[in-house]
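Secondary and tertiary structure notes
Given next are the chains, with one letter for each unit.
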Amino acid sequence: MQTFLTILVFGLATSGIYALMAVGVALIYGVGRVINFAHGAFYTLGAYLAYFYATAFGLNWWVASALAVLSVGCLAAGFDQLLIEPLREHEILVWIMTFAFAFAIRELIVLLFGARPYSIPAFAPGSVSVLGQAIASQRLLVVAVSGVAIGSLWIFLRSARLGKALRAVALNRTGAHLVGIPVRMAHATVMAISAGLASVAGIIISPINVLTPDMGLEPLLMSFTIVILGGIGSLRGSLVAALLVGYAGALVSFLWSPQLVTFMALVMVFGVLIFRPSGLFGLAVERA
Amino acid sequence: MSDPQNLSPADRLGGGGNNLRQYWPVLLVPVIGLIGWFGSQPVTITLLYGATWATYAVGYDMFSGFSGRVNLGYAMFPATAAYVTAALSARFKLSPFISIPAGIAAAVLLAVLVGALTLRITGIYFALSTSIIPLALFQLTHVFGKFLGGEEGIWGVPPIFTDPRLDLVVVLLILGASMCFALWYVRSKAGLVLRAIQGGELTAQALGLNTFRFLFVSLLASSVIGATAGAYLAHFQMLVAPEILHIITTLQIITFAQIGGPGTIVGPVLGSFLLVNLNEYLRAWTDLRLFVYFATLVLLLRFSPDGVLVPIARAIRRLFRRTGAPSGPEGI
Amino acid sequence: MSAGPSAAAPFLEVERVTKQFGGLTALDAVSFVVRKGEVTGLIGPNGAGKTTLFNVISGFVPPTSGRVAFQGEAVTGLPPHAIARRGLARTFQIVRPFPGLAVQENLAVGGLSNRVFDTGRELAGARAAAEQVARRVGLLPWMERQATTLPHGLLKRLEIGRAIMMHPSLLLLDEPFAGLGGHEIDEVSDCIAELAAGGLTLVIIEHKLRALMRLVRRVIVLNFGRLIAEGSPREIGANALVREAYLGEKGAARLA
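The subject of this paragraph is the overall build of chain C. The secondary structure content of chain C amounts to nine helices and 10 strands. Over its C-alpha trace chain C gives a radius of gyration of 18 Å, about what one expects of a compact globule, namely 18 Å for 256 residues. Principal axes of the C-alpha set define a box for chain C whose edges measure 55 × 40 × 40 Å. Across the 256 residues that make up chain C, the buried fraction comes to 49%. Of all intrachain contacts in chain C linking residues separated by at least 6 positions in sequence, the fraction that spans at least 24 positions is 65%.

Encoded structure:
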């Protein structure tokens, strides 16, 4: 029972982080048709900025975090408009640009903070006893925050004008343009939202892991994996896949070794790409 | 191009142009060889890496630059060859004359497997599925850490020469041979078919072309080129590190090809030497180095999306035309 | 005027071909026969399944059930390139010229074999053959042109030219007049008529009925995936079902 509870929460927390990352990837691809290799950099940058704002200006962690998320969002929007927009026609160039930008950010972080790992104190220290099992409060916080963030995004996309505009652009860019939706702003907005979500993920998980300049690589890989599994272009698919992968990963981690988690994810993805490229919820794909 | 609507003979794939003149880029090889032979050791080493990356870029470009199918996992070929030759020669003490061909063979086998599985999938899914393979292989090097070295890779790979200048000669020969083959291939019927596949795979099939076969053979050829350079790298570096399997490696290759000018074979070669040298030049800047490197990349991409080669070639052509010299389209 | 239909065996046989995409039935037990030398029209409202039928016949889409035979041989389920090499060629409604290649090279692609390695002889031969075909479809003056810069009417002829490079015995034309006006239609129409006169068997999907009727002796009508009528243009025009589904009064007049 106790192991079950631990796995339950562990899996939920992992899924939550994955979901935050994957949803961002899905959004940027769905609306902007961009594969963003810099996604991990936003995750990392968010965590470092939160640490920076908190220590350099002595701000409360929550305030520092909020500021960090905002900063990353603005940076991402700027990145989209200044560096990606001129290249949007050429898919490959955009990939290279996001990759180069990701590394530029990484090197900047190394320059400013050094390459050594930083340890962050938990926002929600200690643990909570649930049904006799001690669960780290930080992990519960992760579950809560990711749930709220994704929930808000869902509502935003369904009801808010801007949200609906984004969905329109994802469905048919030309059509959206013709009815007067500002497509450029839509692109910048999804980039900002996506980066914001990634930075949230980076911030809330940082007390559990440590801060290193390369911390974003594994979440980047996992988020792409999940989006493919769920079906490129389907947000619902990303969420379901995040849960699946999160739990599969938690199980593999507990039963065998954490090292095998990535391998498992890769095998899953490869299988999906070969046999059912559309993923769980995506649209059917033409075969050559 | 002089006339945007008509294509000059040299621009036309599969036709026109003097047969031997199209191989001019191979002349770069002896030039670089001379620089490396008479230059200082650091120069030779830099050129060694430049030539290796250039070979990777040629192998990548001959397939992806022409068919439009982005092989996001290209690094799997040099990496497999490097790991196999390293394992066989360092762990099992086999002679490099056996282990290097074995490494290349292993890479080709991988290409056969990957080709059979992924070539029928199109578009972005092809890029994604090929990108997964090196990542999976990366995991395998950790799982089979005893043979494959895990985090540290394989050390103690026996070198073939002690003088790096001799290594440079070999690597340049590999590069030169790869360029000759690639230049021939892309101007031959196969290159035309690859271009047709990029332009419209379904149309090509409707014209009776077995697109899978052309893509498959091209992928194999592309893998041989990368594998040969990768296998030799293991021996002149005397080690293999798992970083070679990172997606960054393939992204770098793609970047070199893109900055140089994709779909030209010579562009990727120039792009590789340019960027590898830039990286070396920046070593003096120590801490700032990588940041400046990637920032430069970002700027290059932003302001010269067609790559560096094409605008330069165009400028040179314009220059010749203005001075009235008869170097027309047959030239560059 | 097309050569009289051969009394011999059917050239192309489509037998109870059905195609379902998930819950949607695109083709419903469609059966018909085309004889050698015939020029047949295939009409019907948008979404009736005409292009899907071409896709099934030419191998791009496997049928859910049913059979296609060409020159007596079953071709159902064969890959598109194999069917094309048996002499059954098709064009696409939206022409995609190969970018970066001149018209001559675009045509030459159609004349290539599936051998990957070539000393250059085959390519040279294909380019020469391309010149012949270019003459037949009237594209000779544009050989050096980048194919993507051709005006629409010439693109349509390029599409036909590419298909003829394979020396097909049967050609499926998907809306050869789409997007064309006035004299462009006449030019393409003349081109097609010449091919028919030369003995090429044709099946043509079209919406421009007046232009189509100048070429065909027989018409097949599809609606909602089902073959609802078959016969001479006049018979089809008089058919009440067809009128209701597709033609209307004006359209019927065009068929008379």
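Now for the sheet that holds strand 1 (residues 12-21) of chain C. Sheet strands line up and pair through hydrogen bonds in the backbone, either parallel or antiparallel. Residue and element names in this part refer to chain C. Taken together, four strands build an open sheet; the order of strands is 2-1-4-5 and the sheet is antiparallel. Among the strands making up the open sheet, the edge pair consists of strand 2 (24-34) and strand 5 (73-74). Sheet topology note: the strand 4 (residues 65-70)/strand 5 ladder contains two bridges and is antiparallel. Considered in strand 5, the bridge of Ala-69 is made with Ala-74. Strand contacts of helix 1 (residues 50-57): strand 1, strand 2 and strand 4, with the helix running at about 65° to strand 2, the strand carrying the most contacts.

This paragraph deals with unusual backbone geometry. Despite not being glycine, Ile-265 of chain B has its phi angle at roughly 65°, a positive value. Residue position: Ile-265 of chain B is located in the loop between helix 11 (247-260) and helix 12 (266-281). Since 30 C-beta atoms lie within 10 Å of it, Ile-265 of chain B is described here as buried. If you check the backbone angles, Gln-71 of chain C has positive phi at about 50° while not being a glycine. Mapped onto the secondary structure, Gln-71 of chain C falls in the loop between strand 4 and strand 5.

Bringing helix 6 (residues 182-197) of chain C into the picture now. Residues and elements named next belong to chain C. Here helix 6 is 16 residues long and its end C-alpha atoms lie 23 Å apart, about the 22 Å a rise of 1.5 Å per residue gives. Residues of helix 6 that are buried include every one of Val-188, Cys-191, Ile-192, Leu-195 and Ala-196, and no others. Looking straight down helix 6, one finds that the buried residues subtend no more than 140° of arc, so they occupy a single side. Among the exposed residues of helix 6, those pointing more than 90 degrees away from its buried face are Gly-182, His-183 and Ala-197.

Attention now moves to the confidence of the model for chain C. All names here are of chain C. For chain C, the mean per-residue pLDDT works out to 88, and 94% of the residues sit at or above 70. Note that pLDDT drops below 50 for residues 1-6; the model gives that stretch 14 contacts with residues more than four away or on any other chain. Taken together, the chains of this predicted complex give a pTM of 0.85 and an interface ipTM of 0.89.

Within the largest apolar cluster, 291 residues are counted, with the highest numbers of intra-cluster contacts made by Ala-22 and Ala-100 of chain A together with Val-193 of chain B. The element contributing the most residues to this core is helix 1 (residues 2-32) of chain A, with 17 residues. What Ala-22 of chain A contacts, discounting residues up to four positions off in sequence, is Ser-223, Ile-226, Val-227, Ser-238, Ala-241 and Ala-242 of chain A.

At the interface, 31 residues of chain A touch 30 residues of chain B. Breaking the side of chain A that touches chain B down by element, the ones donating at least two residues are helix 4 (91-113), helix 9 (217-230) and helix 11 (259-275) of chain A. When the residues that make up the side of chain A that touches chain B are grouped by side-chain class, the tally is 25 nonpolar, three polar and three charged.

All names here are of chain C. Of all the five residues making up strand 7 (residues 170-174), five are buried; the element is thus mostly covered by neighbouring parts of the structure. What you see with strand 7 is no split at all: Leu-170, Leu-172 and Asp-174 on one side and Leu-171 and Leu-173 on the other are buried throughout. By the bridge criterion, three bridges tie strand 6 (residues 88-90) to strand 7 in an arrangement that is parallel. In the sheet register, Arg-90 faces strand 7, and the bridge partner there is Leu-172. As paired strands, strand 7 and strand 8 (residues 201-205) are joined by five bridges and run parallel to one another. By the bridge assignment, Leu-170 is partnered in strand 8 with Thr-201. A crossover connection joins strand 7 to the parallel strand 8 through helix 6; in handedness this β-α-β unit is right-handed.

With 28 residues of chain B in contact, the opposing surface of chain C contributes 34 residues. At the level of elements, helix 8 (189-199), helix 9 (201-206) and helix 10 (211-237) of chain B are the ones that each hand at least two residues to the side of chain B that touches chain C. At seven residues, the largest contribution of residues to the side of chain B that touches chain C is made by helix 8 of chain B. Among the residues making up the side of chain B that touches chain C, the classes are represented as 13 nonpolar, 11 polar and four charged.

Moving on: the domain arrangement of chain C. On domain assignment, one finds that chain C holds domain 1 (12-96 + 169-255) and domain 2 (98-149). On a C-alpha basis, the centres of domain 1 of chain C and domain 2 of chain C stand 27 Å from each other.

This next bit is on the packing of helix 6 (residues 161-171) of chain A against helix 8 (residues 183-205) of chain A. Residues and elements named next belong to chain A. It is at 10 Å that the axes of helix 6 and helix 8 come closest, and there the two elements cross at 105°. In terms of axis orientation, helix 6 runs roughly perpendicular to helix 8. Facing helix 6, whose interface residues are Leu-162, Ala-165, Leu-166 and Val-169, helix 8 presents Val-183, Ala-186, Thr-189 and Val-190. Of the residues assigned to the contact of helix 6 with helix 8, the class counts are seven nonpolar, one polar and no charged.

Our next topic: the sheet that holds strand 8 of chain C. Residues and elements named next belong to chain C. Reading across from one edge, 6-7-8-3-9-10 is the order of the six strands in this open sheet, with mixed pairing throughout. At either margin of the open sheet sits one strand with a lone partner, and together these are strand 6 and strand 10 (226-231). Strand-to-strand twist in this sheet, taken as the mean axis angle between neighbours without regard to direction, amounts to 20°. Sitting on the sheet, helix 1 is in contact with strand 3 (39-43), strand 6, strand 7, strand 8 and strand 9 (218-223), with an inclination near 150° to strand 7.

Residues and elements named next belong to chain C. Tracing the backbone through its elements, the reader meets Ile-220 in strand 9. Residue class for Ile-220 comes out buried when judged on the 24 C-beta atoms lying within 10 Å of it. For the pair Ile-220 and Ile-43, spaced 177 residues apart in the sequence, the C-alpha separation amounts to 6.3 Å.

So, on to the environment of Val-157 of chain B. Residue and element names in this part refer to chain B. With respect to the element layout, Val-157 can be found in the loop between strand 1 (154-155) and helix 7 (164-187). The spacing of Val-157 and Thr-85 is 72 residues in sequence and 8.4 Å in space, taken between C-alpha atoms. Contacts of Val-157, omitting those with residues within four sequence positions, involve Ala-86, Ser-89, Ala-90, Ala-234, His-235, Met-238, Leu-239 and Val-240.

Rules used in this analysis
Residue numbers run consecutively from 1 along every chain, following the written order of its sequence. For this description, chains carry letters from A and ligands carry numbers from 1, given in the order in which they are written. Totals for whole chains, interfaces and linings use all residues, but because this is a predicted model, local features are given only for residues with pLDDT of at least 70 and pairs of side-chain atoms are given and counted only at 80 or more. Only runs of H or I of at least four residues qualify as helices and only runs of E of at least two qualify as strands under DSSP, and these elements are numbered from the N terminus. As defined in this context, the radius of gyration uses C-alpha atoms, and a globule is described by 2.2 Å times the residue total to the power 0.38. Three exposure classes are used, based on other C-beta atoms lying within 10 Å of a residue's own C-beta, which is placed from the backbone: buried for 20 or more, exposed for 12 or fewer, and partly exposed in between. Think of it this way: build a C-beta for each residue from its backbone, and any pair within 7 Å is a contact. Paired strands, as defined in this entry, are two strands with at least two bridges between them according to DSSP. The convention used is that axes are lines fitted to C-alpha atoms, helices contributing only their stretch in contact, and that angles between N-to-C directions extend from 0 to 180 degrees. A helix is expected to span 1.5 Å for every residue after the first. The reported arc concerns the directions from the helix axis to the C-beta atoms and nothing else. The pLDDT value tells you how sure the predictor is about a given residue, anywhere from 0 up to 100. Note on definitions: a nonpolar core is a set of buried residues drawn from Ala, Val, Leu, Ile, Met, Phe, Trp, Tyr and Cys, linked by C-beta atoms within 7 Å. Residues are grouped as follows: nonpolar covers Ala, Val, Leu, Ile, Met, Phe, Trp, Tyr, Cys and Pro; charged covers Asp, Glu, Lys and Arg; every other residue, Gly included, is treated as polar. If you view a crossover with the strands going away from you and the path from the first strand over the helix to the second runs clockwise, you call it right-handed. Residue ranges assigned to each domain were obtained from an automatic or database domain assignment. Orientation is classified from the angle alone, with under 35 degrees giving roughly parallel, over 145 giving roughly antiparallel, 65 to 115 giving roughly perpendicular, and any other angle giving oblique.

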